[in-house]
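# Residue-level structural notes
The residues making up each chain are set out below.
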Amino acid sequence: MSIERNIAAIRERMEASARRAGRNFDEIALMAVTKNQPPERIRDAYAEGQRLFGENRVQEFAGKVQALADFRDARWHMIGHLQTNKTAKTAELFSAVDSVDSVKLAQKLDGAARSAGNKIDVLIEINVGGEAAKTGLDPNSIALEDLLAAAPRLQMLSFRGLMIVPPFTEDPEGARSYFRKLRQLRDAIALRKLPAISMDVLSMGMSHDFEVAIEEGSTCVRVGTAIFGERTTP
Ligand SMILES: *Cc1c(COP(=O)(O)O)cnc(C)c1O
């Protein structure tokens, strides 16, 4: 299937899920995840009107960004685990980081954003599954409270919401309880009306489970394989 057809099919499925859930399709963004994809294929998605993109490695994106310099109105989000020594490059290349998971990283990013002269939107990555190997903050942790409390001091960062990569299950229904928990956490944080914290964005759902995620309240689905096909390792 072509990228054009894939994007059209995903949009249709997103719309159907939104309808099932009684939600407005306009409030759900489709992010094209372009990791391991060469610039030509990313260009095909851009030609289809795709403007929101996600990459998970700073180095990889740095190698492609020149070839995509004419994408004036594209928005690039860093969605993978970010090391503090990559924050300067990140602040230059990305308009958002969806995977902030510590005060230390947020502070570094805030400093880097100030040096680069770019404000950065951020999401807090949550590990609802409690898996030791995964990144993201435990919903009940002091570390999450510390990050929420630090937000007013981090003036170059705009806290927009939460992100999750749930444990993989063959059956997309397996992700539903994680998505629901993330949404409940979002609602609970939003109710507290914390300074400098907005909770409008819930980034959840990937190629195999974005329909379930939309039913559970996702406002941004991150789709790679279903747009570009299986990734070949570079
Ligand atoms: C790769 C990746 C995706 C997209 O995964 P697909 O299954 O290919 O849709 C989404 N989110 C993150 C954080 C990723 O690393």
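Data block above holds the structure.
Described below are features of the structure shown in this document. Since this is a predicted model, take the numbers as computed values, not measurements. (Residues numbered from 1 in each chain as written. Predicted model: local features only at pLDDT ≥ 70, side-chain atom pairs only at ≥ 80, totals over all residues. Heavy atoms only, no water.)

### Considerations on the overall build of the protein
Put simply, the rule reads: Secondary structure elements are defined from DSSP: runs of H or I of at least 4 residues count as helices, runs of E of at least 2 residues count as strands, and each element is numbered from the N terminus. Relative accessibility under 20% of the residue-type maximum defines a buried residue, over 50% an exposed one, and the middle range a partly exposed one, all with a 1.4 Å probe and only protein chains included. Contact definition: two residues touch when any of their heavy atoms are within 4.5 Å. Areas reported here follow the Shrake-Rupley algorithm with a probe of radius 1.4 Å; residue values treat only the protein chains shown as occluding. Only four residue types enter the charge count, namely Lys and Arg as positive and Asp and Glu as negative; His and the chain termini do not. For the purpose of locating charges, the reference atoms are NZ of Lys, CZ of Arg, CG of Asp and CD of Glu.
Helix and strand counts for the protein stand at nine helices and eight strands. Along the longest, intermediate and shortest principal axes, the C-alpha atoms of the protein span 45 × 40 × 30 Å. The buried share among the 234 residues of the protein stands at 48%. Across the protein, the fraction of contacts at a sequence separation of at least 24, relative to all contacts at a separation of at least 6, is 61%. Taken as a whole, the protein presents about 11200 Å² of accessible surface, with 48% of it coming from carbon and sulfur. With 32 positive and 32 negative side-chain charges, the protein shows a spacing of 4 Å between the two charge centroids.

### Remarks on a negative patch on the surface
For clarity, the cut-off: Only residues whose relative accessible area exceeds 30% and that form no salt bridge enter a patch; like-charged residues are grouped when within 9 Å of one another, and nonpolar side chains (Val, Leu, Ile, Met, Phe, Trp, Tyr) when within 5 Å. Each salt bridge in this description consists of a side-chain nitrogen of Lys or Arg and a carboxyl oxygen of Asp or Glu lying within 4 Å of one another.
Taken together, the side chains of E4, E40, D44 and E48 make up a negatively charged region of the molecular surface. Following the sequence through the fold, E4 ends up in helix α1 (residues 3-20).

### Concerning the environment of S2
Locating S2 in the fold gives a position in the segment before α1. By relative accessible area, S2 is classed as partly exposed at 34%. Residues S2 and A190 lie 188 residues apart in sequence; the distance between their C-alpha atoms is 40 Å.

### Side note on the site of the ligand
Selection rule: Proximity criterion: a residue is near a molecule or strand once any of its heavy atoms comes within 4 Å of it. Pairs of N or O atoms within 3.5 Å make up the polar contacts considered here, provided that, within protein, one atom can donate a hydrogen while the other can accept it, and that residues adjacent in sequence are counted only when both atoms are side-chain atoms. Following the grouping adopted for this structure description, the nonpolar residues are Ala, Val, Leu, Ile, Met, Phe, Trp, Tyr, Cys and Pro, the charged ones are Asp, Glu, Lys and Arg, and the polar ones are all others, Gly among them.
Around the ligand, a shell composed of V33, K35, N56, I79, V165, M206, S207, R222, V223, G224, T225 and R231 is seen. Side-chain polar atom of K35 to an oxygen atom of the ligand: 2.7 Å apart, as the coordinates give it. R222 places a polar side-chain atom, nitrogen or oxygen, 2.9 Å from a nitrogen atom of the ligand. Contact with the protein chains hides 89% of the accessible area of the ligand, taken as 390 Å² for the molecule alone. For the shell around the ligand, the per-class residue count stands at five nonpolar, four polar and three charged.

### Considering the nonpolar core
Under the convention used in this document: The criterion is simple. A nonpolar core is a set of buried Ala, Val, Leu, Ile, Met, Phe, Trp, Tyr and Cys residues joined through side-chain atoms within 4.5 Å.
Membership of the largest hydrophobic core comes to 65 residues, with the highest contact counts inside it found for F53, W76, I124, I126, F159, L162 and I227. For I126, the residues in contact, after removing those within four places along its chain, are G136, L137, P139, L144, L162, M163, I164, L182 and L185.

### Comments concerning α1
Here is the rule we go by: Each helix should span, by expectation, one fewer than its residue count multiplied by 1.5 Å.
In this model, α1 (18 residues) spans 26 Å end to end at C-alpha, consistent with the 26 Å of a helix rising 1.5 Å per residue. Turning to α1, the residues buried within the fold contact β1 (29-33), α2 (39-47), α8 (210-215), β8 (220-223) and α9 (225-228). At the exit of α1 stands G22, carrying a positive phi of roughly 65 degrees.

### Observations concerning helix α6 (residues 142-150)
Note the threshold: Think of it as the arc spanned by the lines of direction from the helix axis to the C-beta atoms.
The set of residues buried in α6 consists of L144, L147, L148 and A150. Seen along its axis, α6 keeps its buried residues to an arc of 165 degrees; they face one direction. Exposed and oriented more than 90 degrees from the buried face of α6 are I142 and A149. In this structure, the buried residues of α6 make contact with β4 (96-100), α5 (103-116), β5 (120-126), β6 (157-164), α7 (176-191) and β7 (197-203).

### Considering the pattern of salt bridges
By the definition in use, this model includes 18 salt bridges. Across the pair R176 and E216 runs a salt bridge, and its minimum N-O distance is 2.8 Å. Note that R176 is positioned in helix α7 and E216 in the loop between α8 and β8, a separation of 40 residues in sequence. Between D187 and R186 there is a salt bridge, with its nearest N and O atoms 2.9 Å apart. Among the residues examined, D187 registers a relative accessible area of 34% and is labelled partly exposed.

### Description of the environment of H208
With respect to the secondary-structure elements, H208 resides in the loop between β7 and α8. In this structure H208 comes out as partly exposed when scored by relative accessible area, which is 30%. Measuring from C-alpha to C-alpha, the distance between H208 and D171 comes to 8.5 Å, with 37 residues separating the pair along the chain. Beyond its immediate stretch of four places on either side in the chain, H208 contacts F168, T169, E170 and P172. One polar contact links the side chain of H208 to the main-chain carbonyl oxygen of T169, over a distance of 3.3 Å.

Geometric descriptors of this kind do not, in isolation, establish any biological role.
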